[in-house]
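Spelled out, the chains give:
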Amino acid sequence: MDRGWAINVGGGFHHCSSDKGGGFCAYADITLAIKFLFERVEGVARATIIDLDAHQGNGHERDFQEDRRVYIMDVYNRHIYPGDGYAKRAIKRKVELEWGTEDMEYLQKVELHSEGALNEIRPDIIIYNAGTDILDGDPLGGLAISPQGIIKRDEIIFRAARRRGIPILMVTSGGYQKKTARIIADSILNLHRQGLIGEEAVEGAGPSHAPLMMKIPSLRSTQEK
Ligand SMILES: [Zn+2]
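Residue positions within a chain follow its written sequence, with the count starting from 1. Thresholds applied to this predicted model are a pLDDT of at least 70 for local features of residues and 80 or more for the giving and counting of side-chain atom pairs; totals over whole chains, interfaces and linings are not thresholded and use all residues. To obtain the side-chain values, all non-hydrogen atoms of the structure were included, while hydrogens and water were left out.

The name that an unreviewed UniProt entry assigns to the protein chain is Histone deacetylase 11-like, with the source organism given as Sinocyclocheilus grahami.

Given below as structure tokens:
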């Protein structure tokens, strides 16, 4: 079983598409990562984006509108920015939430639909946009998820990837309260405690790699398994 994973705590600019910035997002890192993998890495032919930021991920949706290699699941507050109807056509699994959605409903929907998405099409890589602006009290997200709910959410997605042996790249996207930094740290520690990311992975990550932790074994070998 493959254990590839990577976390970039600086990424997740999901409102930027290849030709246009938007919503604090100046470059389309999710699109770039997927296109890079498709073009340069043997064995990566299909990707699934699981976008759990509070906002709709219209940047990557516009970029992959016509691309059947990319499966997009998006869970977001239906009443807030960007409300991009054109981009929504690219979403294969769309879960629109109401103001103030709380843990129980949220986590049930995340689990049900992430399982459904990954059972529907098995990708070679999962891009997980893990925005923490779903946190209760966030001035932009408008949802009401607890810190424990965010930690549980991240665990659900990493478990789903691990169970299937699919490499996963997590980016942390939006989150507009100071305390979200601590919650992201606690969540990554929890993933480690649960054995979903390995301590061998951060070895060799020197200062120049500070914001990036990863262990992606050969994707080619993944394909051969
Ligand atoms: Zn957001």
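A. Region of the structure containing the nonpolar core. Among buried residues, those of type Ala, Val, Leu, Ile, Met, Phe, Trp, Tyr and Cys that are joined through side-chain atoms within 4.5 Å constitute a nonpolar core. Only protein chains enter the accessibility calculation, which uses a 1.4 Å probe; a residue whose area is less than 20% of its type maximum is buried, one above 50% is exposed, and one in between is partly exposed. Within the largest apolar cluster, 38 residues are counted, with the highest numbers of intra-cluster contacts made by Leu52, Tyr106, Tyr128 and Phe158. Only β1 (5-8), β3 (70-77), β4 (93-97), α4 (103-120), β5 (125-129), α5 (147-164), β6 (168-171) and α6 (180-193) provide two or more residues apiece to this core. Looking at this core, the element that brings in the most residues is α5, giving six residues. Two residues form a contact once any of their heavy atoms are found within 4.5 Å. Once residues within four sequence positions are removed from consideration, Leu52 is found in contact with Met73, Val75, Tyr106, Val110, Tyr128, Asn129, Gly131, Ile134, Arg153 and Ile157. Every helix listed is a DSSP run of H or I at least four residues long, and every strand listed is a run of E at least two residues long, numbered separately from the N terminus.

B. How the structure looks around the packing of α5 against α6. Between α5 and α6, whose axes approach to 9 Å, the crossing angle comes to 40°. When the axis of α5 is compared with that of α6, the two are oblique. In this structure, α5 meets α6 at a crossing whose hand is right-handed. Taken together, the residues of α6 that come into contact with α5 (itself represented by Pro147, Ile150, Ile151, Asp154, Glu155 and Phe158) are Ile183, Asp186, Ser187, Asn190 and Leu191. Its residues assigned to classes, the contact of α5 with α6 comprises six nonpolar, two polar and three charged. Geometry is summarised by axes, namely lines fitted to C-alpha atoms with helices restricted to the contacting stretch, and by angles between N-to-C directions that run from 0 to 180 degrees. When describing relative orientation, an angle under 35 degrees is termed roughly parallel and one over 145 degrees roughly antiparallel, while 65 to 115 degrees is termed roughly perpendicular and anything else oblique. The handedness criterion is simple: a crossing whose near helix is rotated anticlockwise from the far helix by less than a right angle is left-handed, and one whose near helix is rotated clockwise is right-handed. When residue character is reported, Ala, Val, Leu, Ile, Met, Phe, Trp, Tyr, Cys and Pro are called nonpolar, Asp, Glu, Lys and Arg charged, and the others, Gly included, polar.

C. Geometry of the coordination of the zinc ion. In this analysis a donor is any N, O or S atom within 2.8 Å of a metal ion (3.2 Å for sodium, potassium and calcium), and since water is not included, sites may seem incomplete. At 1.9 to 2.1 Å from the zinc ion lie its protein donor atoms, namely Asp53 (OD), His55 (ND1) and Asp133 (OD). Summarised as a motif, the one-chain spacing of the donors to the zinc ion is D-x1-H-x77-D. Exposure remark for His55: the relative accessible area of 6% places this residue in the buried category.

D. Local environment of the pattern of salt bridges. Salt bridges, as used here, are contacts in which a Lys or Arg side-chain nitrogen is within 4 Å of a carboxyl oxygen on Asp or Glu. In this structure the tally under the stated criterion is 13 salt bridges. Here Asp84 ties to Arg62 by a salt bridge, and the two come within 2.7 Å at their closest N and O atoms. Taken together, the residues span a long stretch of sequence, with Asp84 in the loop between β3 and α3 (85-88) and Arg62 in helix α2 (residues 58-63) at a distance of 22 residues. The shortest N-O distance in the salt bridge between Arg163 and Glu115 comes to 2.8 Å. Taken together, the residues span a long stretch of sequence, with Arg163 in helix α5 and Glu115 in helix α4 at a distance of 48 residues.

E. Up close: the pairing of β4. Side chains Arg93, Val95 and Leu97 of β4 all project onto a buried face; the interleaved residues Lys94 and Glu96 project onto a face where none is buried. Pairing between strands is defined by DSSP: at least two bridges between them are needed. In the sheet, β3 pairs with β4 via five bridges, with the strands oriented parallel. Each bridged residue has a counterpart across the sheet, and for Tyr76 the counterpart in β4 is Glu96.

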